[in-house]
Amino acid sequence: MLLRTLGGLQLEGTEFQRPKPLLLLAYLALEGPQERGYLAELFFQGSSNGRHSLSTTLSRLRSSAPGVVEADDTHVRTGVASDVGALLGAVRGGDLERAVGLYRGRFLAGFDTGSVGTELEEWIYAQRESLAAKVRESLLDLGEQLAVPGQFEAAAEYAERAYLVSSAPEPEPRELSRIYTLLAAAEHPQIADVRSEAQAYGLTLTIEPEDARARLLQGPAKEHVPRHDLPAQPTRFVGREDEKARLLALLLDPECRLLTITGPGGIGKTRLAIEIASAQLGSFPDGVFFVPFAPVTSPSSMPYAITEALGVSTEGTTDARELLLGYLEKRQALLVLDNLEHLLDGTDLIHDLWERAPRVKLLITSRERLNLRAERVVLLSGLASHAEVPGEHSDAAALFLQTAQDRGHEEVLSQAAPSVELICQLVGGMPLAIELAASWLHVLLPQHIAQQLERGLDVLEASARDFPEQHQSIRGVFDHSWVLLSEIERGVLRRLSVFQGGFDLSAATEVAGASLPVLAGLCLKSLVTLSPSGRYEQHPLVLEYARERLSEQPGDETATREKHGLYYHAFLQEHYPGLSTSNINKVRELLDPEIPNFQAAWGWALADLRVDLIAKSAFPLHKLLGVGNRGEEAVELFSNASDRLDENPEHHAALGYPLIGLSVVSNSPLDREERVGLLMRGLELLRPLGEELGMAWAQLHLVWLLLINSIAHDDEALARGYLEEGSRIARKVGNPDLIGRFLNARALVETEDLEGSDAYLVGSKRLYEQAVKDLREVGDPMQLIWGMSRLGIFLVRHEFFNEGKAALMEGLELAREYRLIGSVSDALIGLAEAALADDDLDEAEAFASELLQISRDYGPFDDHWALEYLGVIAIRRGELAEAEELLLESLRLALGTEHQFAIDSALVALAELRIAQGRWVVAAEWLGFVAEHEVYPSSRMTAAQRLLDRLRDQVSPEELTAAVAHGRDLILEEIVNDLLPTL
């Protein structure tokens, strides 16, 4: 897809034409990711609920152009290609012909600017002027290029286009002079207009044609390029656009004269410094100089290294330092001082240079910052190893591919994109490691390089002869940093390697014995970094190196891993109850970053068979991973624990919690019978131990599997016993999560008990309302939101629309506030149904599209409902082919749930489609099939009865009765078999 904004507004590759969503897309394409709140205010100033309007707009974009926008709780972004992006890229790359060819008219031509707020209107006009000005400049450059070989007529055509370019600001005097000169050289008739306009500026243009031609033939004035000694680079520079922009901005800042690029060895500091310096050659009349300090062994030798690079002789002087300072006092130059980390005792020379030579700028690379007050620091991390735009390469992968291509290995890369991305992620985007890995392509395929990397650092050694000596291997790079550490720093760095995903100061102190000064020293040396969130992190290769060093000390390793395991089991126990309170967001901010550490602590407890810790942490881990929709990780944890404990008969009693956990996690691949078996066995193991929390946990899910979600309602008496005992235990142990879950389960069970009775509607409504009231008192937000969704959906399905929508909207807002994705999904189901019942197709589409997007982004929640609603919307819009595709997929997914209500609902929607297609008898048969069930009869029977009423006008009473009767005798397999060719 391509977003065209020049000469109009169109998203090529789609039929989507709504102007405001396309304007939003254009804004994101030009301005980059934006906060949701800001976009809601900017684009929907007059709306009573700007955030909802924004969500609706995003849903429409996603529905019509999947993948064109991405959004999370805080930001919205797009990766769509645009003609403006292409134009600006062509200008930056010097492809001026392409740039002017892309300008098909003014920015957003034809867009009604009166339909947006003042701020957006001003933005549109500013973009129009800016783009047109760039096109004018490009046209003039092209014209002057053509004039050099004497092509004056063609050059004048470019000048005329520059003068008349639409939406450009009024030409400045300099531009008018350039235009006039080009027109005069060709004796173009437009020169009179240009002369008149120039007079309005007080500028007199009188150059004669022959003088104009003579001036143009000389070409543009050549700029003086000062001398430099920047080393030539054997490879092209890749990525780092943000870092380059920041560094260039700092170099242009008059207040910044001492700038240090810091980061671990191999991260690309030197390469970036050379790239930046190359871009600044024209800014320093006295030159740009590169001073390599790697071979310098003493601070006293630093002045000699710099004077040598400057070409200043020290012969006959006894004070090279003073000679250097005197030479630079009046000069305007840039010094790139490379690899300064081992000479930090010589930073007084750097301070003197800063103080004595005010027009000299110092660009320094060092693994450790200088810690001078005048120093500005840019910390360099790895290249991005995840592509921002689907289908494109990350910066790290682009470097790997470029290295491979430069060495003639293109043939091995055609099917290797996933392996290349994995290699780049394993090395944390470190440029040196990427180049070292790519150097092995002559003997290893990318997937084999990745396998070697997973085993350790050994593959990261140079196989090419032209790597600098200090960069022959990653281990050698880190060995150099290791030598510069004190013994205390080495011990702490070793022990910090047990952490996964970072750590905070308290954990580092408790587990690794890291005092604040030692941790600060490791940060200064770029071996540990402090993230904006306040957590400490380590580059993956630094981490791997430190783990190797830790393994050399077995006693220290065993003790440190035990401290880590005990610390994080205790941390989880202390804080997880907060996930069942209104402070859930703050607690998640505390716990979510530690999930890798919790998983590592769980793994240690398993390996060491600390069954007491496994029992205590199973339910908290399930709660934490469930809130964060991390079911796959929970499956792996509980599966590993079950296997490990099953291998050790003396610990079988501890199997209960992992078995229950494996059964209940949402992403478990087990079928219903397997889940029930695991829960029964887990309950049997925990009951003799008096593990009441685990017992109630197992009983809750047995109620769901045996009573609520069961088609046959088998083992009903047993399940009702579990409901009573589990509810009592949950209250006894005081766990709000379990109490809330049992309240919701009881409401569903007692509602089902009323089905078919005269008291069903009133009684069920009262049950759901009482459950919500009780849930408010319990205080677990997740269960309260779930109960509100059940109440709202029930009310909507029984035509209490206002009450139902109010409950659902409250639940939706709470779910979004607490970032509970599954609960957002539940609320959207009810709201989509309510909008459909109200025949508001646009609103229904927005809710259903958001529901489907959630399923795609976070895993299969309720995608069968989303597809069903979108299918019904398509029917009512007359898009029957699309409806067929959507509804058949919805039925296929509903069959996978084994939930009769979901299956019946899909069949009712398909019956509506068959009516629209004129296949009335088939529709009647399917409606008869649905009518035979007693699952939620009021809601689905209401929908089915309405469709049957429509059929009375199409077929005779006898034919309709016969079709419905035949449908009542059908079994599900017969209907599915009829649809199998399409399913």
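Each remark here, short or long, concerns the structure printed above.
The text that follows walks through the structure, step by step, so that each part is easy to find. (Residues numbered from 1 in each chain as written. Predicted model: local features only at pLDDT ≥ 70, side-chain atom pairs only at ≥ 80, totals over all residues. Heavy atoms only, no water.)

1. Structural notes on empty space enclosed by the protein
Applying the stated criterion across every chain, the model contains four cavities of 30 Å³ or more. If you add up the space inside the largest cavity, you get close to 40 Å³. Looking at the largest cavity, the residues that line it are Phe478, Ser481, Trp482, Leu493, Leu527, Val542 and Tyr545. Listing elements by their share of the lining of the largest cavity, those giving two or more residues are α20 (474-483) and α24 (540-551). If you tally residues by element for the lining of the largest cavity, the top one is α20, at three residues. For the lining of the largest cavity, the per-class residue count stands at six nonpolar, one polar and no charged. (1 Å grid on protein atoms, 1.4 Å probe; cavity = no way out; pocket = protein on both sides within 12 Å on 5 of 7 lines; lining within 4 Å. Points joined across faces, edges and corners; volume = space filled by probe spheres on them. Helix = DSSP H or I, 4+ residues; strand = E, 2+ residues; numbered from the N terminus. Nonpolar A, V, L, I, M, F, W, Y, C, P; charged D, E, K, R; others polar.)

2. What to know about the sheet that holds strand β4 (residues 69-71)
Strand order in the open sheet formed by three strands is β3-β5-β4, and the pairing between neighbours is antiparallel. For this open sheet the edge positions go to β3 (34-35) and β4, each flanked by a neighbour on one side alone. Bridge count for β4 against strand β5 (residues 75-78) is three bridges, and the pairing is antiparallel. In the strand pairing of β5, Glu70 is matched with Arg77. Contacts between helix α1 (residues 19-31) and the sheet are confined to β3, β4 and β5, with β5 contributing the most and set at about 85° to the helix. (Pairing = 2+ DSSP bridges. Contact = heavy atoms within 4.5 Å. Axes fitted to C-alpha atoms, helices over the stretch in contact; angles between N-to-C directions.)

3. Considering the packing of aromatic side chains
Using the criterion set out here, one finds 21 aromatic pairs in the structure. Considering the side-chain rings of Tyr27 and Phe43, the 5.8 Å spacing of their centres and the 85° angle between planes classify their relative orientation as edge-to-face. One end of the pair, Tyr27, is in helix α1; the other, Phe43, is in helix α2 (residues 36-43), with 16 residues separating them in the sequence. Relative accessible area serves as the criterion here: at 4%, Phe43 is assigned to the buried category. Between Phe503 and Tyr536 the ring centres are 5.8 Å apart and the planes differ by 20°, which places this aromatic pair in the stacked class. Taken together, the residues span a long stretch of sequence, with Phe503 in the loop between α21 (487-496) and α22 (505-512) and Tyr536 in strand β13 (residues 536-537) at a distance of 33 residues. Since its relative accessible area comes to 11%, Tyr536 is described here as buried. An aromatic cluster is present here, built from Phe499, Phe503, Tyr536, Tyr567, Tyr568, Phe571 and Phe598 joined pairwise through their rings. Sitting over the ring of Tyr327, Arg331 keeps its end group 3.7 Å from the ring centre. Above the plane of the ring of Trp786 lies Arg790, whose end atom (NZ or CZ) is 4.5 Å from the centre. (Phe/Tyr/Trp six-rings, centres within 6.5 Å; stacked < 30°, edge-to-face > 60°. Buried < 20%, exposed > 50% of the residue type's maximum accessible area, 1.4 Å probe, protein only. Lys NZ or Arg CZ within 6 Å of the ring centre and 35° of its normal.)

4. Observations regarding the nonpolar core
Of all hydrophobic cores here, the largest spans 220 residues; its most connected members are Leu496, Phe503, Leu522, Tyr568, Trp602, Leu907 and Leu910. By residue number, the principal contributor to this core is helix α32 (residues 692-708), which donates 12 residues. Ignoring anything within four residues of it in the chain, the contact list for Leu910 reads Leu887, Leu888, Leu891, Trp926 and Leu979. Counting residues in hydrophobic clusters, the runner-up holds 71 residues, among them Leu39, Leu139, Leu176 and Leu183. (Core = buried A, V, L, I, M, F, W, Y, C linked by side-chain atoms within 4.5 Å.)

5. Section: the packing of helix α42 (residues 900-916) against helix α43 (residues 920-931)
Across the interface, α42 lies against α43 with an axial gap of 8 Å and an inter-helix angle of 160°. Viewed along their axes, α42 and α43 adopt a mutual orientation that is roughly antiparallel. The hand of the α42/α43 crossing is left-handed. Residue-level inspection shows Gln900, Asp904, Leu907, Val908, Leu910, Ala911, Arg914 and Ile915 of α42 in contact with α43, the latter providing Trp920, Val922, Ala923, Trp926, Leu927, Phe929 and Val930. Across the contact of α42 with α43, the residue classes tally to 12 nonpolar, one polar and two charged. (Parallel < 35°, antiparallel > 145°, perpendicular 65-115°, else oblique. Left-handed = near helix turned anticlockwise from the far one by under 90°.)

6. Observations concerning the sheet that holds strand β8 (residues 288-292)
The five strands lie next to each other as β8-β9-β10-β7-β11, forming an open sheet whose pairing is parallel. Two strands close off the open sheet at either side, each with one partner strand: β8 and β11 (376-379). Put simply, the sheet's adjacent strands are angled 15° from each other on average, direction ignored. Alignment of β8 against strand β9 (residues 333-338), held across five bridges, turns out to be parallel.

7. Structural notes on unusual backbone geometry
Although it is not a glycine, Leu108 sits at a positive phi angle of roughly 55°. Looking at the element boundaries, Leu108 is found in the loop between α5 (96-102) and α6 (118-147). In this model, Asn339 sits at a positive phi of 65°, which is unusual for a non-glycine residue. Here Asn339 is to be found in the loop between β9 and α15 (347-356). By relative accessible area, which is 13% here, Asn339 ends up buried.

8. Remarks on a negative patch on the surface
On the surface, Glu153, Glu157, Glu187, Glu208, Glu210 and Asp211 cluster together into a patch of negative charge. Contributing elements (two or more residues each) for the negative patch: α7 (152-164) and α10 (209-217). Mapping Asp211 onto the fold places it in helix α10. We classify Asp211 as partly exposed; its relative accessible area is 45%. (Patch = residues over 30% accessible without salt bridge, like charges linked within 9 Å, V, L, I, M, F, W, Y side chains within 5 Å. Areas by Shrake-Rupley, 256 points an atom, 1.4 Å probe, with all protein chains shown as cover. Salt bridge = Lys/Arg side-chain N within 4 Å of Asp/Glu carboxyl O. Lys, Arg positive; Asp, Glu negative; His and termini not counted. Charge placed at Lys NZ, Arg CZ, Asp CG, Glu CD.)

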